[in-house]
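Residue-level structure breakdown
Spelled out from the first residue to the last, the chains are:
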2 protein chains.
Amino acid sequence: MSDSIKYLLDESAIPKQWYNIQADLPTPLSPVLHPGTGQPIGPDDLAPLFPMELIAQEVSQERYIDIPEPVREVYRQWRCTPLYRARRLEKALDTPARIYYKYEGVSPSGSHKPNTAVPQAFYNKQAGVKRLTTETGAGQWGSSLAYAGHVFGIEVKVFMVKVSFQQKPYRKAMMQTYGATCVASPSEETQAGRAILEKNPDSTGSLGIAISEAVEQAVMADDTKYALGSVLNHVLMHQTVLGEESILQMEMADDYPDVIVGCTGGGSNFAGIAFPYLGRNLRDGQSTRIVAVEPAACPSLTRGRFAYDFGDTAKMTPLVKMHTLGSQFVPSGFHAGGLRYHGMGPLVSHVVDLGYVEPRAYNQVTCFEAGIEFARAEGIIPAPEATHAVKGAIDEAMRCKAEGKSEAILFNLCGHGHFDMQAYIDFFDGKIADQTYDESELAMALAGLPSVAA
Amino acid sequence: MSDSIKYLLDESAIPKQWYNIQADLPTPLSPVLHPGTGQPIGPDDLAPLFPMELIAQEVSQERYIDIPEPVREVYRQWRCTPLYRARRLEKALDTPARIYYKYEGVSPSGSHKPNTAVPQAFYNKQAGVKRLTTETGAGQWGSSLAYAGHVFGIEVKVFMVKVSFQQKPYRKAMMQTYGATCVASPSEETQAGRAILEKNPDSTGSLGIAISEAVEQAVMADDTKYALGSVLNHVLMHQTVLGEESILQMEMADDYPDVIVGCTGGGSNFAGIAFPYLGRNLRDGQSTRIVAVEPAACPSLTRGRFAYDFGDTAKMTPLVKMHTLGSQFVPSGFHAGGLRYHGMGPLVSHVVDLGYVEPRAYNQVTCFEAGIEFARAEGIIPAPEATHAVKGAIDEAMRCKAEGKSEAILFNLCGHGHFDMQAYIDFFDGKIADQTYDESELAMALAGLPSVAA
C-alpha cells in the first residue's frame, strides 16, 4: 500500500463524464408534481427557470453524461482536487483505520459548489441567457455562481438572506470581487420582497423569501434564468466529478473504501462523493457502507417523513417526494448554514428510502470538537458543514479501533472554514450549544404536508 | 511547450535541501553588530533567543543545507504547492507574455509562512525548548507558528498588535484552533507591556512593542525561545523550498523565467522565489531579471538608506545593515500589513545594493485593481501583500505586449486574501486611497540612524 499523504491527479485526469445514478436505481424517482394540478410536470413547466439542457439532465436515465469541454476547461483551474490520507489524524486517534478525505476547499470559492456552478453557467450561456438569479444563505453558493458567471460572461444577481448579508460581509465581498451583484433579501427590487417589507420592515429574511425573489426576477425577464446550488438531480450529478476523481485516487493509494461519509443539507456534496461508489455497489457487487450525516437540529433523514412537499416556505415550487420536516419547519440558527434546509434532495431521499445509505444525526458541539481535532492534525480548518463529515469519519475510525478492524474510511471535506471563523470564535467563547427543535412544532409542520398520493 | 494550467509535483519531489545564497555572493554580508559595543556579535549573543542550529544557519556559507526528514514530513501536508500558468489572465490582458505563478495559499495558514515556521519549531524542539514566543501583525505568521508548534508539541504564545487583535478576530481564532495562545499587545504580562500601558492605557500597540514583549518572555525563561517570521537569513533560506520547487515545475512547463516578481516586506517570500534563480544567474550564467515590489507608502528599497539600523522601534535588537527608512519611521495604515516594516532583510538589501534586483514601489489602489482583475481571471483572491506581486507581473506582461515580446514571467502568489476581505470591502466602498508619508518625517527618521561605520 502507498505511503503517501496526498494523491494528486493531473488535470488531464479530470473525468470526461458525470455519473447519473438514475440509470442504476432499481425503482425510478417519483415524478415531480405541479402544485396546482397535482399532475406530473413536463419540461415546458420548468423552461422559464432553466435551460433545456439542464431540464433534460434532470430526468435523464443515461448512466454517463458528457462534461462539455468548455466546462472541463474551467474545472482545470482547480481540479483534480487532492485526495489526502489523514495520517496525522489516524495517529492522534490511535486507530487501525485508514482515513482518506477528498478536499474540495481548493476551489475558487472554497467548496464543492463551483462543480455545478460552472456547468450551470455554461448551459445557460449556450442557451443565450444574459443573466442568472439565485439565492444564497451562507454565501458559498452565491460566490461560486458569481465566479462561474464571470467566466462565461453572464451577469449574476444574488439574493442573500438579510441576516447573513449583515453577519457575513466577507462572502458578499467575494461575490463583488468576482463581479456579481449581491443584494440583501427581502429587497425592494421584487414584488415578493416588497410585500414582505410592507408587512415587516425589519424582516431579516429567509431562504424561502430569497428563492421567491430570485425566481420572480427570472420568470419576469426573457433573458434571465434561475440557478440552484443543491437538491435538484442535475446539481447532484454535477458533483459526481469529485467522487469519480476519488476512485482514481483510491486506486493510486492501492486501496478501496469500506465506508464513505458525507454531510447532507440538500445533498449535493454527499451525492458527489457517495453516488459513484453506490453505483458500484449496485452494478459491480461492491459493498461499501455509505453514511449520510445530518445536523440533529434539522434532521430530515432521521426524523422527517418521506413524502411530497414544497421546496420552499412560500409554497411556490413544484412538489417533490423527499425526506422533509415540512416546508413550514424553521430550523434553529445553528452554525452549519449549508445544512439548514427542511427537505433533502429527492435522489438522496430515494436511496435512503431504499436502504442503501445509513443516515445519522449529530449535534453541533461534538462536530466543532471534531473539526478542531482535525485542524490540529491535518492543518485544514473545516467549514461547519464539513465538521459533520469529519465527526462521522472519526466515529467510524473509533469503531474500527474498538473492533480491532483496519478499514478504509473515505469522507468528503467539502469546504474550508475561512469564512466561518466567527463560529469557531463562538465555540471558543463557550457560546455554542447544541440546538434542538420543538417536537410539537415539528409535528405541526409534518401535519401540514400537502395531501398528495405518494 | 506544455498546454497545462497547473504543474503539480508529487510529495516525493519536495526539495531535500534549502538553497543558501550566501554561498554565491561575490561579497559577504556586513556583520551584525552589538548595539552597545558596536562590535560584531557571536553565536552566544543570540543563544538566549534562538537554538544553536538556527544560529549556525544564519551565518552558514554552505550552498545547500539539508532539510531534516521530520520537516519534510510536515511539508508533505501541503507541499509541493502548485505552479499555475495564468492562461485566463494572459487572455484578459491580451499579452504575448507567458505568466506563471507559484501559489503558496494552499498551506495550513494560507501563505508561505509555514515553510519557516515548521523548521523553526523542529529545531527548537530538538534543542529541548518547551515554548516559543513571537509577535504578529496581521496574523499570518502567528497562525503559521501556531500550527507548527502544535505539530512538534511546543507551546506557542503570540503577541498580536492590539489594533490587529481587535480588527482581525478571525486570525486569532485560527491560532486558537491550532492550540496557541494569542494575547493583545501591549499586555499586562510583560514589563515592556506594563510600561507602555502605564504611560498610555489606550495604546493600540505596534510591531515594535509586540517584539519587545515576545523577546522579554523568551529571555526570561530557560525553556522558552523566540521565533521571527521574516528578515533573518535563516528564515529567508527556509523559503527557498518554494523557489526550488518552481524550478522543477518550470521544467515541466518546458519553460524558464525571463522575469521573476515578488513582493517585499521583510523579504522572505521574495527571497523564496527569487534567490534560487538569482543563484543560477550568478553561477550558471542565466540572466533572469528579478523585480522586488514594495509598497509606495513604506518604500525601504526605493527611498530608504542602506545602513546599519535597529530591527525594532524600541532599539533592543542588534544592528544590521539593511535598506531602512529608520527604526522610528511609522508607516501609515495601508492594507498590506505584511509589507509594513521600516527595514528589509539584510540579504535582500545586499543583493539590491549589488544591483542584482530591480526594486519598484506601487501604491495600493492600483494593486487592489490588479488583485481584482487577477481574481476574476484565475479564481483566487490574493492577499493585499500578494496584489503587489500581481501588479508587478501585470506591468511586465503589458510591457511585453507593448514591445511585442513573448517572455516568461514568474511571480510568487504568497497567500490568499480570505482573512483580508475587509480590505476588499473598503476598496469597493471607495474607502481605500493611496497612502503616503511625510517627507520631513522620513528625513528625520533617516537622520536618526545610529552612527556606525558601515
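An account of the accompanying structure is given in this report. In this text, all values refer to a predicted model and were calculated from it rather than measured experimentally. (Residues numbered from 1 in each chain as written. Chains lettered and ligands numbered in written order. Predicted model: local features only at pLDDT ≥ 70, side-chain atom pairs only at ≥ 80, totals over all residues. Heavy atoms only, no water.)

**Some thoughts on the interface of chain A and chain B**
Stated precisely, the cut-off is as follows: Residues are treated as being in contact if the distance between any of their heavy atoms lies within 4.5 Å. Note on terms: buried area is the combined drop in 1.4 Å-probe accessible area of two parts once they are placed together, counting the loss on both. A pair is scored as a salt bridge if a Lys or Arg side-chain nitrogen falls within 4 Å of a carboxyl oxygen belonging to Asp or Glu.
Facing 43 residues of chain A, the contacting portion of chain B comprises 43 residues. Summed over both sides, the interface of chain A with chain B buries roughly 4,200 Å², with 55% coming from carbon and sulfur. Of all residues in chain A, Gln-77, Tyr-170 and Arg-376 of chain A give up the largest surface area on contact with chain B, accounting jointly for 18% of the area buried on that side. At the junction of chain A with chain B, the criterion picks out 2 salt bridges. In this structure, Lys-6 of chain B and Glu-11 of chain A form a salt bridge, with 3.7 Å as the shortest nitrogen-oxygen distance.

**Considerations on helix 6 (residues 140–152) of chain A**
All names here are of chain A. The criterion, for reference: Each helix corresponds to a stretch of at least 4 residues labelled H or I by DSSP, and each strand to a stretch of at least 2 residues labelled E; elements are numbered beginning at the N terminus. For a helix, the expected span equals 1.5 Å multiplied by the number of residues minus one. Relative accessibility thresholds used throughout: buried, under 20% of the residue-type maximum; exposed, over 50%; partly exposed, between the two (1.4 Å probe, protein chains only).
For helix 6, with 13 residues, the first-to-last C-alpha span of 19 Å sits near the 18 Å given by 1.5 Å per residue. Counted residue by residue, helix 6 has 11 buried out of 13 residues, so it is predominantly covered. Within helix 6, burial applies to Gln-140, Trp-141, Gly-142, Ser-143, Ser-144, Leu-145, Ala-146, Tyr-147, Ala-148, Gly-149 and Phe-152. Downstream of helix 6 by one or two residues, Gly-153 has phi in the positive range, about 70°.

**Overview of the sheet that holds strand 6 (residues 131–136) of chain A**
All names here are of chain A. Test applied: Two strands pair if DSSP finds at least two bridges between them. Helix axes are fitted to C-alpha atoms over the stretch in contact, other axes to C-alpha atoms as well, and angles between N-to-C directions run from 0 to 180 degrees.
Read across the open sheet, the 4 strands follow the order 8-7-6-9; overall the sheet is parallel. Single-partner strands in this sheet number two, and they are strand 8 (181–185) and strand 9 (224–226). Put simply, the sheet's adjacent strands are angled 25° from each other on average, direction ignored. Where helix 6 meets the sheet, its contacts fall on strand 6 and strand 7 (155–161), and the angle it forms with strand 6 comes to roughly 165°. Sitting on the sheet, helix 10 (residues 207–220) touches strand 6, strand 7, strand 8 and strand 9, and the angle it makes with strand 6 is about 170°.

**As for the relation of the copies chain A and chain B**
One copy of the chain maps onto the second through a rotation about an axis and a displacement along it. Note the cut-off: The superposition of copies rests on a least-squares fit of C-alpha positions from residues with pLDDT of 70 or more in both.
Overlay of chain A on chain B (RMSD 0.0 Å): rotation 180°, translation along the axis 0.0 Å. The relationship between the two copies is best expressed as a two-fold rotation axis. Within chain A, His-418 of chain A has its C-alpha nearest the rotation axis, a separation of 3.1 Å. Of the interface residues in chain A, 100% have counterparts in chain B that sit at the interface too, so the contact is made through matching surfaces.

**Comments concerning the nonpolar core**
What counts here: Buried Ala, Val, Leu, Ile, Met, Phe, Trp, Tyr and Cys residues form a nonpolar core when they are joined through side-chain atoms within 4.5 Å.
Ranked by internal contacts, the top residues of the largest apolar core, which has 100 residues, are Trp-18 and Tyr-75 of chain A together with Trp-18 and Tyr-75 of chain B. With sequence-adjacent residues up to four places away left out, Tyr-75 of chain B is seen in contact with Ile-14, Trp-18, Ile-67, Pro-114, Asn-115, Val-118, Pro-119, His-238 and Val-241 of chain B.

**A closer look at empty space enclosed by the protein**
As a reminder of what qualifies: Grid points spaced at 1 Å over the protein atoms alone were grouped into cavities, where a 1.4 Å probe fits but cannot get out, and pockets, open sets with protein on both sides within 12 Å along at least five of seven lines, with lining residues defined by an atom within 4 Å of a point. Grid points are joined across faces, edges and corners, and a volume is the space filled by probe spheres set on the points. Asp, Glu, Lys and Arg are counted as charged, while Ala, Val, Leu, Ile, Met, Phe, Trp, Tyr, Cys and Pro are counted as nonpolar; the rest, among them Gly, fall into the polar class.
Summed over the entire model, instances satisfying the criterion amount to 6 cavities of 30 Å³ or more. Its volume calculated, the largest cavity comes out at about 580 Å³. In terms of lining residues, the largest cavity is bounded by 38 residues, among which Tyr-103, Gly-105 and Val-106 of chain A together with Tyr-103 and Val-106 of chain B are the most central. Tallied by class, residues from the lining of the largest cavity come to 20 nonpolar, 14 polar and 4 charged. Roughly 50 Å³ of volume is contained in the second largest cavity.

**Digging into the pattern of salt bridges**
All names here are of chain A. Enumeration according to the criterion identifies 48 salt bridges over all chains in this entry. With a closest N to O distance of 3.1 Å, Arg-303 and Glu-439 form a salt bridge. With a gap of 136 residues between them, Arg-303 in helix 14 (residues 300–303) and Glu-439 in helix 19 (residues 439–447) connect regions that are remote in the sequence. Judged by its relative accessible area of 44%, Glu-439 is partly exposed. One connected set of salt bridges, linked through shared partners, spans Arg-289, Glu-358, Arg-360, Glu-396, Arg-399, Glu-403, Lys-405 and Glu-407.

Purely spatial values, then, with no claim about function.
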